[in-house]
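Structure at a glance
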Amino acid sequence: MTETIKLSGTDAAAYQDALQKGLIVDQLEVVLDGYKLNYDLQLAAGECLAIQGRSGVGKSTLLHTLAGFEQARSGRVLWNGEDLLRLPAHQRPVSMLFQEHNLFEHLSVMTNLKLGFSEPPSRAQFEEAADALDVADQLDKFPTELSGGQRQRIGLIRTLLRPEPLILLDEPFAELDQHTRHKAALWTAVTARSQGKTLILVTHQDEDAERIADRTLELTYKG
Amino acid sequence: MSALTDSRWLKPAVLFAYSLILLITALAFYGLIGFDGASLQTGLLTDPYILQILSFSLEQAGLSALISVALALPIARALHFMPQLWAKRAFLSLCLLSFVMPTLVLITGLVSLLGRSGIITPLLPDNFNLYGLNGILIAHVYLNTPLAVRVLSQQMGHIPDTSWRLAQQLRLSRWQQFTHVEWPAIKPSLLMLLGFIFVLCFNSFAVVLALGGGPGSTTLEVAIYQALKYDFNLSEALTLAWLQFTLAGLIFALIARMGKLNWLSADTASQRWQPGLGRNSARFHLGLYYLSWLLLLLPLLALLPTVMRVDLAKLDLPDLVSAAGYSLLLGFAAALLAMLLSWLLLLPIRSASLQHQENRRILLQWLATHTLVAPAMVLSTGLYILLLPRIDLEQWGIFWLVLINSVLLLPFVIAQLKPRVLQFDQQYGRLSANLGLSPLEQFRVIWPFIRPVAKGSFALALLLALGDVAVFSIFGDNNTMTLPWLIYGYAGSYRMAEAALASLLLLTICALLVFFFERHQTRNPNRSADNHTDQPGS
């Protein structure tokens, strides 16, 4: 697997320091259905990275491994110097948006939003975010009453507002129309930056990467 | 996912639950071994009398399983391919009632119907005898065919519409549709049903005790009871118990390997399209459906004329009411404890399943549900012998009665709860882990999802506990009767009218519980849960 990295202009020393506090994926090897996947990347704290590549190349697998849902065969995943591979999924400093099943279907949207916080944000904060993403009138409904795009935006709000510093988004705008996609991407970029989140975004759309990411990494098949 | 048991108090609680159920079995066997130098007598295994009992146990269990499944298949097909059948839901409820009906109620009904002076006995051949293999098979088939009907019709409901549409597009014949669409869908359930019903009949106690006739129609379970009660030959009881435990255990292990048997889940699949039956086939299936109604209702209706003969002046109504109350009280306690234990026992099974540790899951599942194969009579008697010199059983008997009953209920409760919690884990396991939910939060999130199944499981456990005879026969108190024990007492003193009345009362309680069970199995807290009830892979 090779990578193409476009670095933004950043002060070298500060960037090195941020890299140490950020995410280092070091010779990570994951075996999925008999296929070996290898990853090496570095991400400074507070940086936003977009990952692109053909279907099946291992983009989602990387996110799932970082979040603790796939086992790594070897390598290290350092966050602020600590190896995340030693921690179970629920103890990792990761907030992830899955491609699907981000909401408990049997709980209301607001109940879903409040999950995963030791001290949930106020309703007003949720409403503000929901307003920005055009889902403010959906908060008291059940997920089954929402469209796929609306569910995805609700999931996005919770993922971004949670306290974990490392945000993983797996094709977050796949079900959105062009206008809503633009709005959601901008909200994501602003929220992530204002809260100092480190963010990895998997997307097939170049414009998503341009709106949100500091740089883009393209995963490819080796050889 | 370790988050499931990752809390200060959950780990010890889970460990306690596993230790408790294993300790009960171990102590029961220890009780038998430790008393008066009882030991395994391997020589008994070649004794012609024991071989005869073993052979009969296997024969009746094998025949019961085969006949039950063979009868259930066409009935299940009728239910599936004729969705507009009259009173289909009521029929499925009756099936459930038949499966969980206390055995003594059925036996009273069968004796009223087919006994020596039964209602339809004059219509039967002169040499017909309810006692012996005939009666045992009739009772076992009556109890288990409805179970198989529910499982198979539910399984057929899982066949996607697209398969049927494709079969039509390809112009497959009815036989080809059966071999290419139906058979692959029901084959795993058929095999597991055969195994499951075999184990239930192999361990059958009350049916064989009441309808078995002499040494030629005795099973291992009854032989254990007789060795304990009449001969007080503990070595023989111990040897027979091990034999039964080993054989049933092997079959049960085979079932566990075969996968999941979601055998009582509500049939909520709404088939939007499936092929109909040909005219003759439809007539045959319709006839079979109405015949099944009749056969299932007959033993219950047969209670009524016998009840009419009750001499109300001599009837001890307070006894009847207090027995009903006591049965419900014991049943509630046993069902509650069984639910709590099941929840704890399921936690590591769910972890193993999430981590794809198949062998660990099977082992834990076997341990959690091993009481399906441990003879109830052995558990009760072994513990009784062990405890008698150490504990005041007059005072503490009720505690052990509840505890042993709840442990015996575990296989049924776990079989009910497991598919739903595993479905939750499959759908939301990663989300729960990613959100870092505490155990309390996890429970609050999963509860609305499993609530209908949990309530149904509780009702099922209560129903099964209400029918207990074996454990009560050992730990029960002669001054405070349960309803089944009262029926047994009435029948034993040839007071058939009183036995029928008590049976009718017990049946009514069971029918109300079945109503409750069905209501909660099919009613979900919101439509989203409905959407996922039949989509374990979604």
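None of the values given here were measured: they were computed from a predicted structure. (Residues numbered from 1 in each chain as written. Chains lettered and ligands numbered in written order. Predicted model: local features only at pLDDT ≥ 70, side-chain atom pairs only at ≥ 80, totals over all residues.)

1. Remarks on the overall build of chain A
- Regarding its fold elements, chain A presents 7 helices and 9 strands.
- For the C-alpha atoms alone, the extent of chain A along its principal axes is close to 50 × 40 × 35 Å.
- Per-residue burial over chain A gives 44% buried out of 223 residues.
- Residue pairs in contact within chain A that sit at least 24 positions apart in sequence constitute 73% of those at least 6 positions apart. (Helix = DSSP H or I, 4+ residues; strand = E, 2+ residues; numbered from the N terminus. Buried ≥ 20, exposed ≤ 12 C-beta atoms within 10 Å, placed from the backbone. Contact = placed C-beta atoms within 7 Å.)

2. A closer look at the overall build of chain B
- For chain B, the count of helices and strands is 21 helices and 0 strands.
- Taking all 538 residues of chain B together, 49% fall into the buried category.
- For chain B, the share of sequence-separated contacts (at least 6 apart) that also reach a separation of at least 24 residues comes to 85%.

3. Examining the environment of Ala334 of chain B
Residues and elements named next belong to chain B.
- Mapping Ala334 onto the fold places it in helix 13 (residues 317-354).
- Taking the C-alpha atoms as reference points, Ala334 and Phe202, separated by 132 residues in sequence, lie 24 Å from one another.
- Not counting residues within four places of it along the chain, the set of residues in contact with Ala334 comprises Val402, Asn405, Ser406, Leu409 and Ala465.

4. Let's talk about unusual backbone geometry
All names here are of chain A.
- Backbone geometry places Gln27, a non-glycine residue, at a positive phi of 45 degrees.
- With respect to the secondary-structure elements, Gln27 resides in strand 1 (residues 23-32).
- One non-glycine residue with positive phi stands out, namely Glu171, at about 45 degrees.
- The buried category is assigned to Glu171, around which 20 C-beta atoms lie within 10 Å.

5. Some remarks on the sheet that holds strand 4 (residues 74-79) of chain A
All names here are of chain A.
- Spatial strand order, 2-1-4-5: 4 strands in an open sheet with antiparallel pairing. Of all the strands in the sheet, the pair left with one neighbour each is strand 2 (35-43) and strand 5 (82-83).
- Of the pairings in the sheet, the one linking strand 4 to strand 5 comprises 2 bridges and is antiparallel in character. Each bridged residue has a counterpart across the sheet, and for Leu78 the counterpart in strand 5 is Asp83.
- Lying on the sheet, helix 2 (residues 59-67) is in contact with strand 1, strand 2 and strand 4; it crosses strand 1 at an angle near 110 degrees. (Pairing = 2+ DSSP bridges. Axes fitted to C-alpha atoms, helices over the stretch in contact; angles between N-to-C directions.)

6. A look at the confidence of the model for chain A
Residues and elements named next belong to chain A.
- Per-residue confidence for chain A gives a mean pLDDT of 88; residues scoring 70 or more make up 94%.
- Across chain A, strand 8 (residues 198-202) holds the top mean pLDDT of 96, while helix 1 (residues 12-21) sits lowest at 73.
- This model gives residues 1-9 a pLDDT under 50, and the stretch forms 22 contacts once residues within four places in sequence are excluded. (pLDDT = per-residue confidence, 0-100.)

7. Topic: the domain arrangement of chain B
Residue and element names in this part refer to chain B.
- Once the domains are mapped, chain B shows domain 1 (1-39 + 315-538) and domain 2 (41-308).
- Contacts between domain 1 and domain 2 engage 50 residues on the former and 48 residues on the latter.
- When residues of the side of domain 1 that touches domain 2 are traced back to their parent elements, those giving at least two are helix 1 (10-34), helix 14 (358-368), helix 15 (376-387), helix 16 (393-435), helix 17 (439-466), helix 19 (483-492), helix 20 (496-522) and helix 21 (527-533).
- The leading source of residues in the side of domain 1 that touches domain 2 is helix 20, at 16 residues.
- Looking at side-chain class alone, the side of domain 1 that touches domain 2 contains 37 nonpolar, 9 polar and 4 charged residues. (Domains from an automatic or database assignment. Nonpolar A, V, L, I, M, F, W, Y, C, P; charged D, E, K, R; others polar.)

8. What to know about the nonpolar core
All names here are of chain B.
- Of all hydrophobic cores here, the largest spans 224 residues; its most connected members are Ile224, Leu409 and Ala461.
- Ranked by residues supplied to this core, first place goes to helix 16 with 20 residues.
- Taken domain by domain, this core gets at least three of its residues from each of domain 1 (1-39 + 315-538) and domain 2 (41-308).
- Apart from residues lying up to four places away in sequence, Ala461 is in contact with Ala335, Ala338, Met339, Leu409, Phe412 and Val413. (Core = buried A, V, L, I, M, F, W, Y, C linked by C-beta atoms within 7 Å.)

9. Observations concerning the pairing of strand 6 (residues 94-97) of chain A
Residue and element names in this part refer to chain A.
- Here strand 6 shows two buried faces, one formed by Val94 and Met96 and the other by Ser95 and Leu97.
- In this structure, strand 6 lies alongside strand 7 (residues 166-170), joined through 4 bridges in parallel fashion. Paired with Val94 across the strands is Leu166, a residue of strand 7.

10. Here's the deal with the sheet that holds strand 6 of chain A
Residue and element names in this part refer to chain A.
- Taken in spatial order, the 5 strands make up an open sheet running 6-7-8-3-9, and their pairing is parallel. Unpaired on one side and paired on the other, strand 6 and strand 9 (215-219) mark the two borders of the sheet. The average undirected angle you get between the axes of adjacent strands in this sheet is 20 degrees.
- Relative to strand 8, strand 3 (residues 48-53) is paired through 4 bridges, and the arrangement is parallel. Pairing of Ile51 across the sheet is with Val202, part of strand 8.
- In the packing of helix 2 onto the sheet, the strands contacted are strand 3, strand 6, strand 7, strand 8 and strand 9, and the crossing angle to strand 7 comes to about 150 degrees.

11. Concerning helix 13 of chain B
All names here are of chain B.
- Its 38 residues place the ends of helix 13 54 Å apart at the C-alpha level, agreeing with the 56 Å of an ideal helix rising 1.5 Å per residue.
- Along helix 13, the sharpest change in direction is near 30 degrees and occurs at Leu347; proline Pro348 comes one to four residues later.
- Just beyond helix 13, the residue with positive phi is His356, at close to 55 degrees. (Expected span 1.5 Å × (residues − 1). Bend = angle between axes of the 7 residues up to and from the residue.)

12. Some remarks on the confidence of the model for chain B
Residue and element names in this part refer to chain B.
- The predicted model of chain B has a mean per-residue pLDDT of 82, with 89% of residues at 70 or higher.
- By mean pLDDT, the top-scoring element of chain B is helix 13 (93), and the lowest-scoring one is helix 21 (32).
- Counted against residues more than four places away or in other chains, residues 261-270, with its pLDDT under 50, gives 26 contacts.
- Scored below 50 in pLDDT, residues 524-538 makes 33 contacts in the model with residues more than four places away or belonging to other chains.
- Model confidence for the complex: the whole-complex pTM is 0.76, and ipTM, which rates the interface, is 0.71.

13. Here's the deal with the environment of Tyr49 of chain B
Residue and element names in this part refer to chain B.
- Relative to the helices and strands, Tyr49 resides in helix 2 (residues 48-81).
- On the basis of neighbour count, Tyr49 is assigned to the exposed category, with 12 C-beta atoms found within 10 Å.
- On a C-alpha basis, the gap between Tyr49 and Gly216 in space is 9.0 Å, while along the polypeptide they are 167 residues apart.

14. A look at the pairing of strand 4 of chain A
All names here are of chain A.
- Relative to strand 4, strand 1 runs antiparallel, the two sharing 5 bridges. Note on strand 4: the bridge partner recorded for Leu23 is Trp79.
- Turn length for the strand 4-strand 5 hairpin, with the two strands adjacent in sequence and antiparallel, is 2 residues, and the turn residue Asn80 shows positive phi of about 55 degrees.

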